[in-house]
Amino acid sequence: MTSHTPQTEPEHLLDPKLPYDMSPRADRAAGDVQLQQFVNSATRGRNQGRQDVCSTAFGANYDAMRSLAGSIKQHALDHLDVYLDRFIDCAEARGTHVHYAMDDAQARNICLEIARRHNATLCVKSKSMVTEEVHLLGALQSAGIETIETDLGEFIIQLDGDAPSHIVAPMIHKDRVSVAKAFVRELDAEYTEDPRSLTMIARAHMREKFRQANLGISGANFLVADSGSVVICTNEGNADLSISRPPVHIVMVGIEKIVPRDEDLSVFLKLLARSATAQSITVYTTIINGPRLAEEHDGPEHVHVILVDNGRTTLLSPETRELLRCIRCGACLNACPVYRKVGGGHAYGAVYSGPIGATITPLLKGIENYPDLPQASSLCGACREACPVDIDIPRQLVALRATQVQRRIGPRGARLAMRLWAKTLVSRRRYEISSRLMRFVLRRFASRDSHNSPQRWVGRLPGSLGGWTEHRDFPAPAARPFRAWWRKRSSKGDKS
Amino acid sequence: MSAAQPPRQAGESRESMLARVRAALGSRPGASVPEAPVIEDSIARLCNAEGDALTAHFEKAGTDAGMVVHRASEESWLSVIDELLKGRHAKRVACCIEDESLRIALNHRLRETGRAVFDFSETPQSDGLFDVEVGVTDVQSAIAETGSIVMASSADRSRCAHVIPPVHVAIVRTTQILPDMIDYWRAFSLGGGENQSTASGIVLVTGPSKTADIEGILITGVHGPGEVHVVLIDN
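Please read all numbers here as calculations on a predicted model, not as lab measurements.

**A closer look at the overall build of chain B**
Logical step 1: Counting its secondary structure elements, chain B contains six helices and twelve strands.
Logical step 2: Its C-alpha atoms give chain B principal-axis dimensions of roughly 65 × 45 × 45 Å.
Logical step 3: Across the 235 residues of chain B, 57% fall into the buried class.
Logical step 4: Taking as baseline every contact in chain B between residues at least 6 positions apart, the subset at least 24 positions apart corresponds to 75%.
Logical step 5: Summed over all atoms, the accessible surface of chain B reaches about 9,500 Å², with 51% contributed by carbon and sulfur.
Logical step 6: Averaging the coordinates of the 21 positive side-chain charges in chain B and doing the same for the 32 negative ones gives two points 5 Å apart.

Shown next, in the form of structure tokens:
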């Protein structure tokens, strides 16, 4: 399994030294046999599951549904100012307090200020990617507020000083043994490797915290502009328990999560769980319209929504706007052959991994800081077919690569090779000369295939090209190029 | 009732954030917004069953999601619940029921059969929910498409009734079942219009609490109930 010591700060796993070189973690993940088995079976299973349930549910309308969902999200983004305005007005009319965080520091500070104002000492928190993005957990704990991640996967990760490796399934890279050891070490529990027993240990521990907590923090899957509502989708029920008992509920959410109408939830709720976990809907879909009403006897007295920008307005520019449609389902991660190989090892070096992470991380944190991510793709398009909101991720990756070329980011040798290659390809004569040279050289270093066929293989390419032949042979070209054969055939008119 | 806004020191102002959004969009304040895309029934609707077929669809979807559905009549539902409680040796039962006739009938039967009743409308604190073996609620609505039951918070129904007790029993009348999620928002709109829902918290429940975080192995009853029963009264 991925080896890490409990002393490794989770911050560094998702906040590495910049510029970030993904090769070491990628190599380690690719070579870890058990990690490969775990991640492969999990992602393949979910990807196939998504295809099966969506085909059963939508039939021939699957693409039309994705297109509809994408167009609703695009519309909301195209008029985000209007819908934000509407959401804020409706939420405040119902008693919700709305706050505005330009960046991660403001997000943390707003949250801390609310917590202090209400004398919070024990906080229970449900899973939220944006809270990871702004490093909220550490800030709360440094302020002396005991904070428990209540999503089982996040709880285990918190306990073990680890970091999540997948948007939806945070501990896809961990096995039951590491969980058992963490529970013995941190919870004083009996050693057991049985997943059900481990889960019950966590349940008992957290139940006490749910009883006593005086602050609940959650994210949000959707914000409904027409009603000022917050929508939270979970399977465990930890969000409901976190936010319904404490007197204060803080929602931290990116501004792009807005949808215009409650009926839009029909479209997104039908796609979200099917895309993420092959369920028709998550077990709990919780809608918060505001703090408790006068006639109600439980529920929070104070609901605070912190709207977070943190670079999203940068992504709002027309060329990259579609990336904000993302509903964080993880379908692209499950479909991506690159993620399957290296994702479990935190190789993307940021909070958001997989294809969506490879596009938004360089845009939010600087392309020069994450030069490998746009390159870590074969542009197969599996992500695009999986995305429930129809984001053209391959096109965005290519656009990032174009920017890298324009800004001369990347190794000099590769850039030089590309320039040479471009110059060769524009002239037929140069192409023919250089390909003749390549053929001569490669065939000289090739050895004959053992089945005595005419196909030859080069076992070892020199220098940095050796990276290719480390794991496979390179096919040597045929003795005669196709165009020569074609010319001969056409002139002779023979059928050989 | 509008919330009094506390002074904002730690963040930025509403105007500042919206100005940045407008700048990125190149839009002017006060510009009109075209209609949002139409949601075509032909694409998005997954269930349009009626009558007995509707009930059957709900039963199947609920069962597939891991709930146990018990068919009952106006005469038999109390006995059905009684059997359920007997089977679990449940001595302490929570009651979070809005429908007065259901609530009175159930309370009476529970006390008759010597069980300790925690009635939320009498003792409105969710603390009491932690000490019961079974929680019984009624519902605002049910959706056949997904097999979901919908509960809205109220004076008589705790926000936590569906999630704290380890076993949840939901009383649903067949007349409450709607075919598709699309129908739910038309009947119980969140914002604006005469059908606006006034509850502060609404939850759609579809099955027992579950996780597959540890090695992808499915485990139920993580934080919420491990068992969800629907007593479906035919009327």
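**Section: the sheet that holds strand E1 (residues 68–72) of chain B**
Whether parallel or antiparallel, the strands of a sheet pair through hydrogen bonds between backbone atoms.
Residue and element names in this part refer to chain B.
Logical step 1: If you trace the six strands from one edge of the open sheet to the other, you get E1-E12-E7-E4-E2-E3, paired in parallel fashion. On the outer flanks of this sheet lie E1 and strand E3 (116–119), each paired with one strand and no other. Between one strand and the next, the sheet's axes are offset by a mean angle of 20°, whatever the strand orientation.
Logical step 2: The pairing of strand E7 (residues 167–173) with strand E12 (residues 227–233) spans seven bridges and is parallel. Its bridge partner being in E12, Arg173 is matched across the sheet by Ile233.

**A closer look at the packing of aromatic side chains**
Logical step 1: Applying the stated rule across the entire model yields eleven aromatic pairs over all chains.
Logical step 2: With a centroid separation of 5.0 Å and 75° between ring planes, the pair formed by Tyr184(B) and Trp185(B) is classed as edge-to-face.
Logical step 3: Grouped by ring-pair contacts, the aromatic residues Phe482(A), Trp485(A) and Trp486(A) constitute a single cluster.
Logical step 4: For the cation-ring pair, Arg328(A) lies above Tyr352(A), with the distance from its terminal atom to the ring centre recorded as 4.3 Å.

**Some words on the confidence of the model for chain B**
Logical step 1: Averaged over every residue, the pLDDT of chain B is 91; the share at 70 or more is 94%.
Logical step 2: Interface predicted TM-score (ipTM) for the complex: 0.94; the corresponding pTM is 0.91.

**Re the interface of chain A and chain B**
Logical step 1: Chain A puts 110 residues into the contact, and the matching count from chain B is 87 residues.
Logical step 2: Between chain A and chain B lies a buried interface of about 8,100 Å² when both sides are counted; carbon and sulfur atoms form 57% of it.
Logical step 3: Linking chain A with chain B are eleven salt bridges.
Logical step 4: Among the ionic pairs, Asp131(B) bridges to Arg211(A), the shortest N-O distance being 3.9 Å.
Logical step 5: The interface formed by chain A and chain B contains 40 residue pairs in polar contact (both at pLDDT 80 or more).

**Considering a nonpolar patch on the surface**
Logical step 1: Residues Met418(A), Trp421(A), Leu425(A) and Tyr431(A) make up a contiguous nonpolar surface patch of roughly 460 Å² in combined accessible area.
Logical step 2: Position of Tyr431(A) relative to the elements: it lies in helix H21 (residues 428–445).

Conventions we followed
- Residues numbered from 1 in each chain as written.
- Chains lettered and ligands numbered in written order.
- Predicted model: local features only at pLDDT ≥ 70, side-chain atom pairs only at ≥ 80, totals over all residues.
- Heavy atoms only, no water.
- Helix = DSSP H or I, 4+ residues; strand = E, 2+ residues; numbered from the N terminus.
- Buried < 20%, exposed > 50% of the residue type's maximum accessible area, 1.4 Å probe, protein only.
- Contact = heavy atoms within 4.5 Å.
- Areas by Shrake-Rupley, 256 points an atom, 1.4 Å probe, with all protein chains shown as cover.
- Lys, Arg positive; Asp, Glu negative; His and termini not counted.
- Charge placed at Lys NZ, Arg CZ, Asp CG, Glu CD.
- Pairing = 2+ DSSP bridges.
- Axes fitted to C-alpha atoms, helices over the stretch in contact; angles between N-to-C directions.
- Phe/Tyr/Trp six-rings, centres within 6.5 Å; stacked < 30°, edge-to-face > 60°.
- Lys NZ or Arg CZ within 6 Å of the ring centre and 35° of its normal.
- pLDDT = per-residue confidence, 0-100.
- Buried area = accessible area lost by both parts, 1.4 Å probe.
- Salt bridge = Lys/Arg side-chain N within 4 Å of Asp/Glu carboxyl O.
- Polar contact = N/O pair within 3.5 Å; in protein donor to acceptor, adjacent residues only side chain to side chain.
- Patch = residues over 30% accessible without salt bridge, like charges linked within 9 Å, V, L, I, M, F, W, Y side chains within 5 Å.

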